[in-house]
Amino acid sequence: MAKRALITGITGQDGSYLAEFLLSQGYDVYGLVRRTSTINFSRIHHIQDRVTLISGDMLDQTSLMSALEQSEAEEVYNLAAQSFVQTSWSQPVFTGDVTALGVTRLLDAIRKVNPRIRFYQASSSEMFGKVREVPQRETTPFYPRSPYGVAKVYGHWITVNYRESYGLHATSGILFNHESPRRGLEFVTRKVTHAVARIKLGLDEYVYLGNLDSRRDWGFAGDYVRAMWLMLQQDEPDDYVISTGETHSVQELVEVAFSHAGLDWQAHVRQDERFMRPAEVDLLVGDSSKAGHVLGWEPQVHFRELIQMMVDADMQVVQEMIEQGRIDVNHAG
Ligand code: NAP
Ligand code: F7E
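Residue positions are given per chain, counting from 1 as you read along its sequence in written order. To read the labels, note that chains go from A and ligands from 1, taken in the order they are written. Under the rules for a predicted model, residues below a pLDDT of 70 receive no local features and side-chain atom pairs below 80 are neither given nor counted, while totals for whole chains, interfaces and linings still include all residues. Calculated side-chain values reflect all of the structure's heavy atoms, with hydrogen atoms and water omitted.

Trainee: Just to check I follow, could you spell out the pairing of strand E2 (residues 28–33) for this structure?
Mentor: Residues in a regular strand point their side chains to alternate faces of the sheet. Exposure classes here rest on a 1.4 Å probe applied to the protein chains alone. A residue is buried below 20% of its type maximum, exposed above 50%, and partly exposed in between. To qualify as a helix, a DSSP run of H or I must reach at least 4 residues; to qualify as a strand, a run of E must reach at least 2; elements of each kind are numbered from the N terminus. Most of E2 is tucked away: five of the six residues are buried. Orient the strands so they point away from the viewer; a crossover is then right-handed if the path from the first strand over the helix to the second runs clockwise. Handedness of the β-α-β unit built from strand E1 (residues 4–8), helix H1 (residues 13–24) and E2 comes out right-handed. Strands are labelled as partners when DSSP assigns at least two bridges between them. Pairing analysis gives five bridges linking E2 to strand E3 (residues 51–55), with the strands arranged parallel. Its bridge partner being in E3, glycine 31 is matched across the sheet by leucine 53.

Trainee: Mind showing me how you'd approach the packing of helix H2 (residues 61–71) against helix H4 (residues 92–113) here?
Mentor: Helix packing for two helices is described by the angle between their axes and how far apart those axes are. In this analysis, axes come from line fits to C-alpha atoms, helices being fitted only over the stretch in contact, and the angle between any two N-to-C directions falls in the range 0 to 180 degrees. Interhelical geometry of H2 versus H4 gives an angle of 45° and a closest axis separation of 9 Å. The pairing of H2 with H4 is recorded here as oblique in orientation. Crossing handedness for the pair H2 and H4: right-handed. Here H2 contributes Gln61, Leu64, Met65, Leu68 and Glu69 to the contact with H4, which in turn contributes Gly102, Arg105, Leu106, Asp108, Ala109, Ile110, Lys112 and Val113. Among the residues making up the contact of H2 with H4, the classes are represented as seven nonpolar, two polar and four charged. Should an angle fall under 35 degrees it is taken as roughly parallel, and over 145 as roughly antiparallel, whereas 65 to 115 is taken as roughly perpendicular and any remaining angle as oblique. By the definition used in this description, the sense in which the near helix is turned from the far one sets the handedness, with an anticlockwise turn below a right angle giving left-handed and a clockwise turn giving right-handed. Residues count as neighbours in contact if any of their non-hydrogen atoms are within 4.5 Å of one another. Charged means Asp, Glu, Lys or Arg here, nonpolar means Ala, Val, Leu, Ile, Met, Phe, Trp, Tyr, Cys or Pro, and polar covers whatever is left, Gly included.

Trainee: What is the right way to read the site of ligand 1 from this model?
Mentor: Proximity is defined per residue: if any heavy atom of the residue lies within 4 Å of a molecule or strand, that residue is considered near it. Around ligand 1 sit 24 residues, and of these Thr11, Asp14, Arg34, Ser83 and Tyr148 come closest. We call two N or O atoms a polar contact when they sit within 3.5 Å, provided that within protein one can donate a hydrogen and the other can accept it, with sequence-adjacent residues counted only if both atoms are side-chain atoms. Arginine 34 has a polar side-chain atom sitting 2.7 Å from an oxygen atom of ligand 1. Residue aspartate 57 places a side-chain N or O atom 2.8 Å away from a nitrogen atom belonging to ligand 1. Calculation on ligand 1 without its partners gives an accessible area of 900 Å², and the protein chains cover 90% of this total. Contributing elements (two or more residues each) for the shell around ligand 1: H1, strand E5 (118–124) and helix H5 (147–166). Of all the elements, E5 adds the most residues to the shell around ligand 1, at three residues. Calculation of accessible area relied on Shrake-Rupley with a 1.4 Å probe; when residues are assessed, cover is drawn exclusively from the protein chains displayed.

Trainee: For this particular structure, what's the right way to read the environment of glutamate 252?
Mentor: Relative to the helices and strands, glutamate 252 resides in helix H8 (residues 250–260). For the pair formed by glutamate 252 and alanine 80, sequence separation is 172 residues and the distance between their alpha carbons is 30 Å. Not counting chain neighbours up to four residues away, the residues in contact with glutamate 252 comprise Arg215 and Phe303.

Trainee: Looking at this model, I keep getting lost on the sheet that holds E2. Mind explaining?
Mentor: Note: strands within a sheet are paired through backbone hydrogen bonds, in either parallel or antiparallel orientation. Overall, parallel pairing links the seven strands, which are arranged E3-E2-E1-E4-E5-E6-E11 in an open sheet. A single partner strand is all that each edge strand has here, and the edge strands are E3 and strand E11 (239–242). Averaged over all neighbouring strand pairs, the angle between strand axes comes to 20°, with direction disregarded. In this sheet, E2 lies alongside E1 in parallel orientation, the contact comprising five bridges. Bridged to arginine 4 within E2 is aspartate 28. Contacts from helix H7 (residues 221–232) reach strand E4 (75–78), E5, strand E6 (169–175) and E11, with the element oriented near 155° to E6.

Structure (C-alpha coordinates):
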(Lines give C-alpha, C1' and ligand atoms only; values in the text may rest on other atoms or scores of the structure.)
(Ligands and ions follow the chains in the order given, each with its own letter.)
Protein backbone atom coordinates (compact mmCIF):
# COMPACT_ATOMS: atom_id res chain seq x y z
CA MET A 1 0.00 0.00 0.00
CA ALA A 2 1.31 3.46 -0.90
CA LYS A 3 1.89 5.82 2.02
CA ARG A 4 -0.52 8.75 2.23
CA ALA A 5 0.55 12.31 2.96
CA LEU A 6 -1.47 15.49 3.41
CA ILE A 7 0.20 18.82 2.59
CA THR A 8 -1.31 22.10 3.77
CA GLY A 9 -0.05 24.95 1.59
CA ILE A 10 0.34 22.69 -1.46
CA THR A 11 -0.23 25.66 -3.81
CA GLY A 12 2.80 27.49 -2.34
CA GLN A 13 6.45 27.29 -3.32
CA ASP A 14 7.41 24.53 -0.87
CA GLY A 15 4.12 22.66 -1.20
CA SER A 16 4.65 22.22 -4.93
CA TYR A 17 8.21 20.88 -4.54
CA LEU A 18 7.21 18.64 -1.64
CA ALA A 19 4.27 17.21 -3.60
CA GLU A 20 6.61 16.39 -6.52
CA PHE A 21 9.10 14.80 -4.15
CA LEU A 22 6.52 12.65 -2.34
CA LEU A 23 5.03 11.51 -5.66
CA SER A 24 8.52 10.43 -6.72
CA GLN A 25 8.71 8.38 -3.50
CA GLY A 26 5.46 6.59 -4.41
CA TYR A 27 3.14 8.43 -2.01
CA ASP A 28 -0.54 9.15 -2.49
CA VAL A 29 -0.49 12.93 -2.08
CA TYR A 30 -3.39 15.01 -0.77
CA GLY A 31 -3.33 18.79 -0.63
CA LEU A 32 -5.45 21.20 1.39
CA VAL A 33 -6.54 24.17 -0.72
CA ARG A 34 -8.54 27.17 0.39
CA ARG A 35 -11.39 28.64 -1.59
CA THR A 36 -10.37 31.58 -3.76
CA SER A 37 -12.34 33.50 -6.37
CA THR A 38 -9.78 32.67 -9.03
CA ILE A 39 -7.84 29.42 -9.33
CA ASN A 40 -4.21 29.71 -8.18
CA PHE A 41 -2.86 26.28 -9.02
CA SER A 42 -0.06 27.47 -11.31
CA ARG A 43 2.70 25.84 -9.22
CA ILE A 44 0.97 22.43 -9.18
CA HIS A 45 -0.66 22.54 -12.59
CA HIS A 46 1.81 19.97 -13.98
CA ILE A 47 0.97 17.41 -11.24
CA GLN A 48 -2.67 18.24 -10.64
CA ASP A 49 -3.90 14.96 -12.11
CA ARG A 50 -1.63 13.03 -9.69
CA VAL A 51 -2.64 14.70 -6.42
CA THR A 52 -6.00 14.88 -4.64
CA LEU A 53 -7.04 18.35 -3.58
CA ILE A 54 -9.28 18.79 -0.54
CA SER A 55 -11.05 22.05 0.21
CA GLY A 56 -10.23 23.52 3.64
CA ASP A 57 -8.74 26.41 5.52
CA MET A 58 -6.35 26.77 8.45
CA LEU A 59 -8.96 29.04 10.02
CA ASP A 60 -11.63 26.32 9.97
CA GLN A 61 -11.16 23.44 12.40
CA THR A 62 -13.99 21.37 10.93
CA SER A 63 -12.41 21.41 7.49
CA LEU A 64 -9.07 20.27 8.95
CA MET A 65 -10.70 17.29 10.66
CA SER A 66 -12.49 16.39 7.42
CA ALA A 67 -9.24 16.62 5.45
CA LEU A 68 -7.54 14.20 7.86
CA GLU A 69 -10.48 11.79 7.68
CA GLN A 70 -10.80 12.00 3.90
CA SER A 71 -7.10 11.57 3.18
CA GLU A 72 -6.41 8.99 5.91
CA ALA A 73 -2.95 10.57 5.90
CA GLU A 74 -0.10 8.97 7.81
CA GLU A 75 2.13 12.03 7.39
CA VAL A 76 0.94 15.65 7.56
CA TYR A 77 3.16 18.51 6.41
CA ASN A 78 1.91 21.86 7.70
CA LEU A 79 3.24 24.39 5.19
CA ALA A 80 0.23 26.73 5.12
CA ALA A 81 0.90 30.20 6.48
CA GLN A 82 0.63 33.92 5.84
CA SER A 83 4.33 33.74 5.05
CA PHE A 84 5.30 37.26 3.92
CA VAL A 85 7.05 39.11 6.76
CA GLN A 86 6.20 42.64 5.53
CA THR A 87 2.46 41.83 5.37
CA SER A 88 2.55 40.61 8.96
CA TRP A 89 2.80 44.23 10.17
CA SER A 90 -0.28 45.33 8.22
CA GLN A 91 -2.23 42.12 9.04
CA PRO A 92 -0.89 41.05 12.44
CA VAL A 93 -4.09 39.47 13.74
CA PHE A 94 -4.75 37.50 10.55
CA THR A 95 -1.11 36.37 10.51
CA GLY A 96 -1.44 35.14 14.08
CA ASP A 97 -4.69 33.37 13.33
CA VAL A 98 -3.35 31.42 10.32
CA THR A 99 0.35 31.07 11.11
CA ALA A 100 0.11 30.53 14.88
CA LEU A 101 -3.37 29.32 15.88
CA GLY A 102 -3.71 27.36 12.65
CA VAL A 103 -1.02 25.03 13.96
CA THR A 104 -3.02 24.32 17.13
CA ARG A 105 -6.15 23.68 15.08
CA LEU A 106 -4.30 21.12 12.97
CA LEU A 107 -2.48 19.46 15.88
CA ASP A 108 -5.68 19.14 17.85
CA ALA A 109 -7.46 17.69 14.82
CA ILE A 110 -4.65 15.12 14.54
CA ARG A 111 -4.93 14.26 18.23
CA LYS A 112 -8.64 13.55 17.79
CA VAL A 113 -8.70 11.91 14.34
CA ASN A 114 -5.52 9.82 14.42
CA PRO A 115 -2.77 10.46 17.00
CA ARG A 116 -0.41 8.09 15.14
CA ILE A 117 -0.03 10.66 12.32
CA ARG A 118 3.49 12.03 11.88
CA PHE A 119 3.38 15.83 11.80
CA TYR A 120 5.83 18.33 10.28
CA GLN A 121 5.66 22.02 11.28
CA ALA A 122 7.23 24.61 8.96
CA SER A 123 9.15 26.66 11.50
CA SER A 124 11.41 29.49 10.43
CA SER A 125 14.77 31.16 10.99
CA GLU A 126 12.70 34.35 11.49
CA MET A 127 12.20 33.02 15.04
CA PHE A 128 15.88 33.86 15.74
CA GLY A 129 15.30 37.49 14.68
CA LYS A 130 17.68 39.67 16.65
CA VAL A 131 20.11 36.82 16.90
CA ARG A 132 21.49 35.72 20.26
CA GLU A 133 24.19 33.53 18.72
CA VAL A 134 26.05 33.16 15.40
CA PRO A 135 25.52 30.76 13.71
CA GLN A 136 22.01 29.83 14.83
CA ARG A 137 21.30 26.24 15.84
CA GLU A 138 18.46 24.26 17.45
CA THR A 139 19.42 25.49 20.95
CA THR A 140 19.73 29.21 20.06
CA PRO A 141 17.12 31.27 21.97
CA PHE A 142 14.40 32.94 19.90
CA TYR A 143 13.97 36.74 19.57
CA PRO A 144 11.45 37.33 16.77
CA ARG A 145 11.30 40.75 15.12
CA SER A 146 7.95 40.71 13.30
CA PRO A 147 4.39 39.54 13.94
CA TYR A 148 5.21 36.71 11.52
CA GLY A 149 8.25 35.69 13.58
CA VAL A 150 6.19 35.83 16.77
CA ALA A 151 3.49 33.65 15.18
CA LYS A 152 6.12 31.11 14.10
CA VAL A 153 7.53 30.96 17.65
CA TYR A 154 4.02 30.08 18.85
CA GLY A 155 3.70 27.43 16.12
CA HIS A 156 7.05 25.96 17.10
CA TRP A 157 6.26 25.73 20.81
CA ILE A 158 2.75 24.35 20.36
CA THR A 159 4.31 21.61 18.20
CA VAL A 160 6.79 20.81 20.99
CA ASN A 161 3.98 21.00 23.53
CA TYR A 162 1.71 18.54 21.68
CA ARG A 163 4.70 16.22 21.30
CA GLU A 164 5.34 16.35 25.05
CA SER A 165 1.70 16.48 26.22
CA TYR A 166 0.18 13.83 23.98
CA GLY A 167 3.17 11.89 22.64
CA LEU A 168 2.48 12.96 19.05
CA HIS A 169 5.21 12.36 16.46
CA ALA A 170 5.42 16.14 15.93
CA THR A 171 8.57 17.62 14.41
CA SER A 172 9.59 21.21 13.84
CA GLY A 173 11.90 22.04 10.93
CA ILE A 174 13.58 25.39 11.50
CA LEU A 175 14.26 26.30 7.89
CA PHE A 176 16.35 29.25 6.77
CA ASN A 177 15.33 31.19 3.65
CA HIS A 178 14.90 28.95 0.63
CA GLU A 179 14.14 30.15 -2.83
CA SER A 180 13.50 28.92 -6.36
CA PRO A 181 12.03 30.03 -9.68
CA ARG A 182 8.65 29.33 -8.01
CA ARG A 183 9.24 31.84 -5.19
CA GLY A 184 6.51 34.48 -4.81
CA LEU A 185 7.33 37.75 -6.61
CA GLU A 186 7.19 39.77 -3.38
CA PHE A 187 10.21 38.05 -1.76
CA VAL A 188 13.51 39.81 -2.38
CA THR A 189 15.31 37.10 -4.37
CA ARG A 190 12.52 36.63 -6.88
CA LYS A 191 11.71 40.35 -6.95
CA VAL A 192 15.31 40.99 -8.00
CA THR A 193 15.68 38.13 -10.49
CA HIS A 194 12.35 38.98 -12.13
CA ALA A 195 13.33 42.66 -12.29
CA VAL A 196 16.68 41.76 -13.86
CA ALA A 197 14.85 39.90 -16.63
CA ARG A 198 12.43 42.77 -17.25
CA ILE A 199 15.27 45.32 -17.32
CA LYS A 200 17.39 43.15 -19.60
CA LEU A 201 14.46 42.68 -21.99
CA GLY A 202 13.70 46.40 -22.03
CA LEU A 203 10.43 46.46 -20.03
CA ASP A 204 11.69 48.39 -16.99
CA GLU A 205 14.61 50.57 -16.07
CA TYR A 206 14.68 50.36 -12.26
CA VAL A 207 13.86 48.08 -9.37
CA TYR A 208 12.99 49.67 -6.00
CA LEU A 209 14.31 47.92 -2.91
CA GLY A 210 14.52 48.43 0.85
CA ASN A 211 17.44 47.48 3.09
CA LEU A 212 20.43 46.24 1.08
CA ASP A 213 22.53 45.44 4.16
CA SER A 214 20.56 42.62 5.77
CA ARG A 215 22.12 39.19 5.43
CA ARG A 216 20.40 35.89 4.83
CA ASP A 217 21.33 32.22 4.53
CA TRP A 218 19.64 31.44 1.20
CA GLY A 219 19.21 27.85 -0.01
CA PHE A 220 17.23 26.04 -2.72
CA ALA A 221 13.64 24.99 -1.92
CA GLY A 222 14.06 21.70 -3.81
CA ASP A 223 16.81 20.67 -1.37
CA TYR A 224 14.82 21.76 1.68
CA VAL A 225 11.67 19.71 1.02
CA ARG A 226 13.84 16.56 1.02
CA ALA A 227 14.87 17.49 4.57
CA MET A 228 11.21 17.78 5.63
CA TRP A 229 10.55 14.23 4.47
CA LEU A 230 13.72 12.88 6.10
CA MET A 231 12.60 14.37 9.44
CA LEU A 232 9.36 12.40 9.36
CA GLN A 233 11.18 9.13 8.56
CA GLN A 234 12.98 9.22 11.94
CA ASP A 235 11.76 6.97 14.76
CA GLU A 236 11.62 9.90 17.18
CA PRO A 237 10.26 13.40 16.52
CA ASP A 238 12.71 16.25 17.07
CA ASP A 239 13.67 19.77 15.91
CA TYR A 240 16.18 20.43 13.13
CA VAL A 241 17.82 23.51 11.65
CA ILE A 242 18.07 23.39 7.84
CA SER A 243 20.43 25.90 6.24
CA THR A 244 23.45 26.21 3.95
CA GLY A 245 25.81 27.79 6.54
CA GLU A 246 26.61 30.68 4.15
CA THR A 247 25.37 34.23 4.60
CA HIS A 248 25.09 36.95 1.95
CA SER A 249 23.74 40.49 1.94
CA VAL A 250 20.86 41.69 -0.20
CA GLN A 251 23.43 43.79 -2.05
CA GLU A 252 25.46 40.68 -2.90
CA LEU A 253 22.29 39.05 -4.19
CA VAL A 254 21.68 42.11 -6.39
CA GLU A 255 25.27 42.09 -7.69
CA VAL A 256 25.18 38.40 -8.62
CA ALA A 257 21.77 38.66 -10.31
CA PHE A 258 22.54 41.77 -12.39
CA SER A 259 26.03 40.66 -13.38
CA HIS A 260 24.68 37.28 -14.54
CA ALA A 261 22.59 39.21 -17.09
CA GLY A 262 25.54 41.46 -18.01
CA LEU A 263 24.02 44.51 -16.26
CA ASP A 264 25.48 47.10 -13.84
CA TRP A 265 23.25 46.95 -10.74
CA GLN A 266 24.06 50.51 -9.67
CA ALA A 267 22.44 51.88 -12.82
CA HIS A 268 19.15 50.06 -12.10
CA VAL A 269 18.64 49.73 -8.32
CA ARG A 270 16.93 52.47 -6.33
CA GLN A 271 16.18 52.43 -2.62
CA ASP A 272 12.64 53.11 -1.49
CA GLU A 273 11.41 53.69 2.09
CA ARG A 274 8.26 51.68 1.35
CA PHE A 275 10.28 48.47 1.46
CA MET A 276 12.02 49.19 4.78
CA ARG A 277 10.69 47.23 7.78
CA PRO A 278 9.71 48.59 11.20
CA ALA A 279 12.15 46.09 12.75
CA GLU A 280 14.74 44.23 10.71
CA VAL A 281 16.44 40.85 11.04
CA ASP A 282 20.02 41.87 10.28
CA LEU A 283 21.95 38.62 10.10
CA LEU A 284 20.92 35.01 9.65
CA VAL A 285 23.27 32.09 9.19
CA GLY A 286 22.42 28.57 10.23
CA ASP A 287 24.32 25.60 11.57
CA SER A 288 22.61 22.49 10.20
CA SER A 289 25.21 20.01 11.44
CA LYS A 290 22.55 18.10 13.42
CA ALA A 291 20.59 17.52 10.21
CA GLY A 292 23.86 16.42 8.59
CA HIS A 293 24.62 13.85 11.31
CA VAL A 294 21.14 12.52 12.02
CA LEU A 295 19.35 12.86 8.67
CA GLY A 296 22.33 12.66 6.34
CA TRP A 297 21.06 15.89 4.76
CA GLU A 298 23.32 18.37 2.97
CA PRO A 299 22.34 21.22 0.63
CA GLN A 300 23.18 20.59 -3.03
CA VAL A 301 22.63 24.08 -4.49
CA HIS A 302 24.58 27.09 -3.21
CA PHE A 303 23.98 30.83 -3.36
CA ARG A 304 25.50 31.90 -6.69
CA GLU A 305 24.11 28.90 -8.56
CA LEU A 306 20.68 29.47 -6.99
CA ILE A 307 20.48 33.12 -8.03
CA GLN A 308 21.76 32.37 -11.53
CA MET A 309 19.17 29.60 -11.88
CA MET A 310 16.44 32.07 -10.89
CA VAL A 311 17.65 34.75 -13.31
CA ASP A 312 17.76 32.21 -16.16
CA ALA A 313 14.23 31.02 -15.32
CA ASP A 314 12.90 34.59 -15.15
CA MET A 315 14.51 35.47 -18.49
CA GLN A 316 12.49 32.63 -19.99
CA VAL A 317 9.27 33.63 -18.18
CA VAL A 318 9.50 37.27 -19.27
CA GLN A 319 10.51 36.33 -22.83
CA GLU A 320 7.41 34.09 -23.08
CA MET A 321 5.23 36.87 -21.68
CA ILE A 322 6.51 39.22 -24.36
CA GLU A 323 5.99 36.66 -27.13
CA GLN A 324 2.45 35.97 -25.95
CA GLY A 325 1.63 39.67 -25.48
CA ARG A 326 0.99 39.15 -21.75
CA ILE A 327 3.21 41.89 -20.35
CA ASP A 328 2.08 42.70 -16.84
CA VAL A 329 3.46 46.13 -16.07
CA ASN A 330 2.16 46.01 -12.49
CA HIS A 331 4.44 43.29 -11.29
CA ALA A 332 5.50 42.59 -7.69
CA GLY A 333 5.98 45.25 -5.10
P1 NAP B 1 4.10 30.37 0.32
O2 NAP B 1 4.63 30.18 -1.07
O3 NAP B 1 3.66 31.72 0.76
O4 NAP B 1 2.87 29.35 0.49
C5 NAP B 1 1.99 29.44 1.58
C6 NAP B 1 0.86 28.44 1.37
O7 NAP B 1 -0.06 28.56 2.49
C8 NAP B 1 0.03 28.68 0.11
O9 NAP B 1 -0.31 27.44 -0.46
C10 NAP B 1 -1.23 29.35 0.66
O11 NAP B 1 -2.37 29.17 -0.12
C12 NAP B 1 -1.37 28.59 1.97
N13 NAP B 1 -2.26 29.27 2.92
C14 NAP B 1 -2.14 30.53 3.40
N15 NAP B 1 -3.16 30.79 4.24
C16 NAP B 1 -3.92 29.67 4.30
C17 NAP B 1 -5.13 29.33 4.98
N18 NAP B 1 -5.76 30.19 5.78
N19 NAP B 1 -5.63 28.08 4.81
C20 NAP B 1 -5.01 27.20 3.98
N21 NAP B 1 -3.90 27.48 3.28
C22 NAP B 1 -3.37 28.69 3.45
O23 NAP B 1 5.16 29.86 1.38
P24 NAP B 1 6.44 28.89 1.19
O25 NAP B 1 7.63 29.72 0.88
O26 NAP B 1 6.07 27.76 0.32
O27 NAP B 1 6.65 28.40 2.69
C28 NAP B 1 5.98 27.23 3.19
C29 NAP B 1 5.96 27.28 4.70
O30 NAP B 1 7.29 27.33 5.21
C31 NAP B 1 5.25 28.49 5.31
O32 NAP B 1 4.66 28.09 6.52
C33 NAP B 1 6.39 29.45 5.60
O34 NAP B 1 6.01 30.35 6.63
C35 NAP B 1 7.46 28.48 6.03
N36 NAP B 1 8.84 28.90 5.82
C37 NAP B 1 9.25 29.32 4.58
C38 NAP B 1 10.58 29.64 4.37
C39 NAP B 1 11.08 30.09 3.02
O40 NAP B 1 12.18 30.65 2.96
N41 NAP B 1 10.33 29.81 1.93
C42 NAP B 1 11.49 29.52 5.43
C43 NAP B 1 11.04 29.06 6.67
C44 NAP B 1 9.72 28.74 6.85
P45 NAP B 1 -2.74 30.19 -1.34
O46 NAP B 1 -1.96 29.70 -2.52
O47 NAP B 1 -4.20 30.02 -1.46
O48 NAP B 1 -2.31 31.56 -0.91
O1 F7E C 1 13.35 39.56 2.75
C2 F7E C 1 15.25 42.69 2.56
C3 F7E C 1 14.28 42.51 3.71
O4 F7E C 1 10.96 39.16 2.13
C5 F7E C 1 14.71 39.24 2.88
C6 F7E C 1 10.00 34.23 4.19
O7 F7E C 1 10.00 33.07 3.38
O8 F7E C 1 12.26 33.85 4.85
C9 F7E C 1 11.40 34.79 4.26
O10 F7E C 1 11.38 35.99 5.03
C11 F7E C 1 15.48 40.48 3.24
C12 F7E C 1 14.90 41.31 4.40
O13 F7E C 1 12.36 37.28 3.16
C14 F7E C 1 13.43 44.30 -0.13
O15 F7E C 1 14.23 43.68 4.52
C16 F7E C 1 15.32 44.59 0.92
O17 F7E C 1 15.93 41.73 5.24
O18 F7E C 1 12.78 37.94 0.85
P19 F7E C 1 12.29 38.49 2.14
P20 F7E C 1 12.37 37.22 4.76
O21 F7E C 1 11.74 38.41 5.37
O22 F7E C 1 13.74 36.87 5.18
C23 F7E C 1 11.90 33.44 6.18
C24 F7E C 1 12.89 32.39 6.62
C25 F7E C 1 10.49 33.04 6.30
O26 F7E C 1 10.14 32.18 7.12
C27 F7E C 1 9.48 33.85 5.58
O28 F7E C 1 8.26 33.14 5.41
O29 F7E C 1 15.49 41.36 2.11
N30 F7E C 1 14.72 43.49 1.45
N31 F7E C 1 14.54 45.10 -0.04
C32 F7E C 1 13.57 43.29 0.82
N33 F7E C 1 12.63 42.33 0.98
C34 F7E C 1 11.55 42.35 0.17
N35 F7E C 1 10.62 41.39 0.28
N36 F7E C 1 11.38 43.35 -0.76
C37 F7E C 1 12.31 44.35 -0.95
O38 F7E C 1 12.13 45.23 -1.78
